[in-house]
Amino acid sequence: MRLSAMFSSAISKNASPLSLYTNNLAVAASSFSRLQPLNKSCRHLVSFSRLSFPGNSISSSGRNPKFSTVSASKSDYQSQGGESFFRDVLTGMETVYLNRNPTAKSILDLVHSVDDEQICYDHLACRTFGVNGYGINSMASFFLDYGYTQQEELRFPAKKLKALWFSPPSSSSQDGGSGVNGPLPRVFISELLVDQMSLKTQEIIRKYTEKSGSGNKYAALASALGSLTWEKPSYSEFQQLAGESEYAAWTLVNGYALNHVTISTHRLKSNLRNIKKLNQFIEKNGFKLNSEGGVLKVSPDGLLLQSSTVADSIPFCFSDGNKESVPCSYIEFAERLVLPQYKNLPETEIKESHRRDGFEVGNADKIFESTSKEQLTRRA
């Protein structure tokens, strides 16, 4: 029976809202039971007391495809399950991320010990396979349904990647919180251009995405559960991908899990709001930063400053019985400087809209290296 039909059959004229949610949860649990956890110790639960499945609605403006804009109206954002449900899903994603990546959790705790008011996320990032419907749109549809707007496309020819970033809806009821409970972050989603890979690598990626069935429809759920939507690969398949694209190998074993979260340094209240001082503070406390192109990555206009840690590693049990260490995720830091036209504004009047927005190919290209073998094996 189709999923939509199962949901419809659970609805009756006398059904209460609570019973409908209970029925939906039971159906969802059954439908998603085949999702594969990345690591047994990292399997987490997220509350689905308000579970709903808004329809995907990606459409192009029909102008310049590179800068096309896709968005959902404010009323859509408020009606499709509400902000509360949306943040519940983000909390599930964050929980999986923090439990798998002790460096990220330790740094957030460390920064909070100095700056105990609010830690805001600049953006969240995910990686995807651009094939069989498992690319950017598979994850983006969830954010678009909850009011996000598609922005510019970025291309990385050497890595055979492309990415899109999405800006959050302007209205939010929880701007005073921290992390996913604070101002909603931007979202950066990239995809591997699978058709440009070798035939052997394409064969492996297509094999697992095809076996996943309709798993691409539940990308956000998979991320919140910490599950792969496809079967675990063999170690030899992982090695084949790693030899050609470390991005591909990472995605094969991590799936839709958050690749990183990013602290918005300029929103901190202490001296750590200066990213150079934050980098020094982090290194002084024994954490290794990504050194590709220098620790501090600076955009050509000098207004976007970024850095990141080197990814943690976790044990992964491959389908052939091998248990090997694989790269997991990392934490990034971003300082967005005030745009020239607003430089004379009093500091108390400066808002996020007065600062440099968007992303930069040169910076992002180097940040991608945070999961590379070269960075993981480099001595601090």
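All of the points below concern the structure found in this document.

What counts, and at which threshold
- Residues numbered from 1 in each chain as written.
- Predicted model: local features only at pLDDT ≥ 70, side-chain atom pairs only at ≥ 80, totals over all residues.
- Heavy atoms only, no water.
- Helix = DSSP H or I, 4+ residues; strand = E, 2+ residues; numbered from the N terminus.
- Buried < 20%, exposed > 50% of the residue type's maximum accessible area, 1.4 Å probe, protein only.
- Contact = heavy atoms within 4.5 Å.
- Pairing = 2+ DSSP bridges.
- Phe/Tyr/Trp six-rings, centres within 6.5 Å; stacked < 30°, edge-to-face > 60°.
- Lys NZ or Arg CZ within 6 Å of the ring centre and 35° of its normal.
- Polar contact = N/O pair within 3.5 Å; in protein donor to acceptor, adjacent residues only side chain to side chain.
- Salt bridge = Lys/Arg side-chain N within 4 Å of Asp/Glu carboxyl O.
- Axes fitted to C-alpha atoms, helices over the stretch in contact; angles between N-to-C directions.
- Parallel < 35°, antiparallel > 145°, perpendicular 65-115°, else oblique.
- Nonpolar A, V, L, I, M, F, W, Y, C, P; charged D, E, K, R; others polar.

The subject of this paragraph is the overall build of the protein. Each helix and strand counted, the protein has 13 helices and 12 strands in total. Considering the protein as a whole, with its 380 residues, one finds that 52% of them fall into the buried category. Of the contacts made within the protein by residues no fewer than 6 positions apart, 74% connect residues no fewer than 24 positions apart.

This part covers the pairing of strand β9 (residues 304–308). Taking burial as the measure, the five residues of β9 include five buried ones, the bulk of the element. When strand β8 (residues 297–298) meets β9, the two strands line up antiparallel, connected through two bridges. Opposite K297, over in β9, you have Q306 as the bridge partner. The antiparallel pairing of β8 with β9 creates a hairpin that spans five residues between the two strands, and G302 there sits at a positive phi of about 75°. Across five bridges, β9 lies against strand β12 (residues 330–336) in antiparallel orientation. For L305, the partnering residue across the bridge sits in β12 and is E335.

In this section: the pairing of strand β11 (residues 323–327). In terms of strand pairing, strand β10 (residues 313–317) meets β11 through five bridges, oriented antiparallel. When the bridges of β11 are listed, P315 appears paired with S325. Hairpin connection of β10 to β11: five residues between the antiparallel strands, including G321 at a positive phi of 95°.

Glancing now at the packing of aromatic side chains. All told, the structure shown has 19 aromatic pairs when counted by the stated rule. Both rings, one in F156 and one in F368, keep their centres 5.1 Å apart while their planes meet at 90°; by these two values the pair is edge-to-face. In this pair, F156 is assigned in strand β3 (residues 149–156) and F368 in the loop between α12 (361–367) and α13 (373–377), connecting sequence segments 212 residues apart. F368 matches F156 in its accessibility class, with the two residues each being buried. The structure contains a cluster of three or more aromatic residues connected by ring pairs, namely F85, F86, F142, F143, Y146 and Y148. The side chain of R127 reaches across the aromatic face of W250, ending 5.0 Å from its centre. In this structure, R336 is placed above the aromatic ring of F359, and the distance from its NZ or CZ to the ring centre is 5.4 Å.

For N101, the position within the fold is in the loop between α4 (82–100) and α5 (102–114). The buried category is assigned to N101, whose relative accessible area is 1%. Within the structure, the side chain of N101 is placed 2.7 Å from the backbone oxygen of Y97, a separation counted as a polar contact. A distance of 2.8 Å separates the side chain of N101 from the backbone nitrogen of S329, its partner in a polar contact. Once residues within four sequence positions are removed from consideration, N101 is found in contact with D312, C328, S329 and Y330.

This part covers the pattern of salt bridges. Here the structure, examined in full by the defined rule, presents 15 salt bridges. Salt bridges here are not isolated pairs; linked through shared partners, they connect D122, R186, R267, R336, E352 and D357.

On the basis of which strands lie adjacent, the open sheet formed by eight strands has the order β3-β4-β5-β2-β7-β12-β9-β8 and mixed pairing. Of all strands in the sheet, those with a lone pairing partner are β3 and β8, marking the two edges. The sheet contact formed by strand β2 (residues 121–129) and strand β7 (residues 260–264) spans four bridges and is antiparallel. Bridge pairing in β7 places L124 opposite V261.

Next up on the list: unusual backbone geometry. Look at N132: it is not a glycine, yet its phi comes out positive at around 55°. With respect to the helices and strands, the residue N132 is situated in the loop between β2 and α6 (136–145). The exposure class assigned to N132 is partly exposed, which follows from its relative accessible area of 35%. Positive phi, normally seen in glycine, also occurs at K160, with a value near 60°. By secondary structure assignment, the location of K160 is in the loop between β3 and β4 (161–167). Assessed through its relative accessible area of 27%, K160 is described here as partly exposed.

In this section: the environment of G294. With respect to the helices and strands, the residue G294 is situated in the loop between α11 (275–284) and β8. We classify G294 as partly exposed; its relative accessible area is 31%. Residues G294 and K366 lie 72 residues apart in sequence; the distance between their C-alpha atoms is 9.0 Å.

Where α4 contacts α5, the axes come no closer than 5 Å and their chain directions differ by 100°. Comparing their axes, α5 and α4 come out roughly perpendicular. Residues Y97, L98 and R100 of α4 touch α5, and the partners they reach there are P102, A104, K105 and L108. In terms of residue class, the contact of α4 with α5 is made up of five nonpolar, no polar and two charged.

Functional significance is not addressed by these values, which are geometric in nature.
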